[in-house]
Amino acid sequence: MDEIMVVYWTGTGNTQTMAEYVAEGIREGGKTPKVIPVEEANADDLKDAAVFALGCPSMGVEVLEESVMEPFVDEVTGFASGKKIGLFGSYGWGDGEWMRNWADQMQAAGADVYGGEDAICQEAPDEDAQDDLKALGKELASL
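If you're wondering where the values come from, they're calculated on a predicted model, not measured in any experiment.

Caption draft 1: Spotlight on the packing of helix α2 (residues 69–77) against helix α3 (residues 97–108). With their axes 9 Å apart at the nearest point, α2 and α3 run at an angle of 25° to one another. When the axes of α2 and α3 are compared, the pair comes out roughly parallel. Between α2 and α3 lies a crossing whose hand is right-handed. Across the interface between the two elements, Met69, Val73, Asp74, Val76 and Thr77 from α2 touch Trp102, Gln105 and Met106 from α3. Taken together, the residues of the contact of α2 with α3 break down into five nonpolar, two polar and one charged.

Pasting the structure below:
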């Protein structure tokens, strides 16, 4: 399928902006992105997708957002084996521990992870982060 879903949670808008850059890369890679907030997504929509992206900022003590995104990711973990998943997100402080843990979780579930610590930024994405996010989108489109 030519559509790649980009599902994200955002608190301040930074991760939504990041999702749009991933989508731009997907378009540049010749595929169609479908960007959707996790509150409007259903994990079942990803079961048949070979490739998709998930975005979430670091919350609290470097964890995923706990009320909506973490339960969604837990569902995805149940069928992640064999999937190619792009991960991205922003943080306000810390060193990216939440992303390392998230990437490890998806890899332990059998997924191939793209992006991860290569697709994180502090606060709003600067020009370098924008380029990294577009590159992630292009890579996902090529899979």
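The structure having been displayed, the exposition proceeds.
Caption draft 2: Expanded view of the sheet that holds strand β2 (residues 32–37). Strands sit in the order β2-β1-β3-β4-β5 across an open sheet of five strands; the sheet is parallel. This sheet does not close on itself; its edge strands, each paired only once, are β2 and β5 (112–122). When the angles between neighbouring strand axes are averaged without regard to direction, this sheet yields 15°. In this structure, strand β3 (residues 51–55) lies alongside strand β4 (residues 84–91), joined through five bridges in parallel fashion. Along β4, the bridge assignment pairs Leu54 with Leu87. Taken strand by strand, helix α1 (residues 14–28) contacts β1 (3–8), β2, β3, β4 and β5, and its axis lies near 145° from that of β4. Packing against the sheet, helix α4 (residues 127–142) makes contact with β1, β3, β4 and β5, and its axis sits at approximately 165° to β5.

What counts, and at which threshold
- Residues numbered from 1 in each chain as written.
- Predicted model: local features only at pLDDT ≥ 70, side-chain atom pairs only at ≥ 80, totals over all residues.
- Heavy atoms only, no water.
- Axes fitted to C-alpha atoms, helices over the stretch in contact; angles between N-to-C directions.
- Helix = DSSP H or I, 4+ residues; strand = E, 2+ residues; numbered from the N terminus.
- Parallel < 35°, antiparallel > 145°, perpendicular 65-115°, else oblique.
- Left-handed = near helix turned anticlockwise from the far one by under 90°.
- Contact = heavy atoms within 4.5 Å.
- Nonpolar A, V, L, I, M, F, W, Y, C, P; charged D, E, K, R; others polar.
- Pairing = 2+ DSSP bridges.

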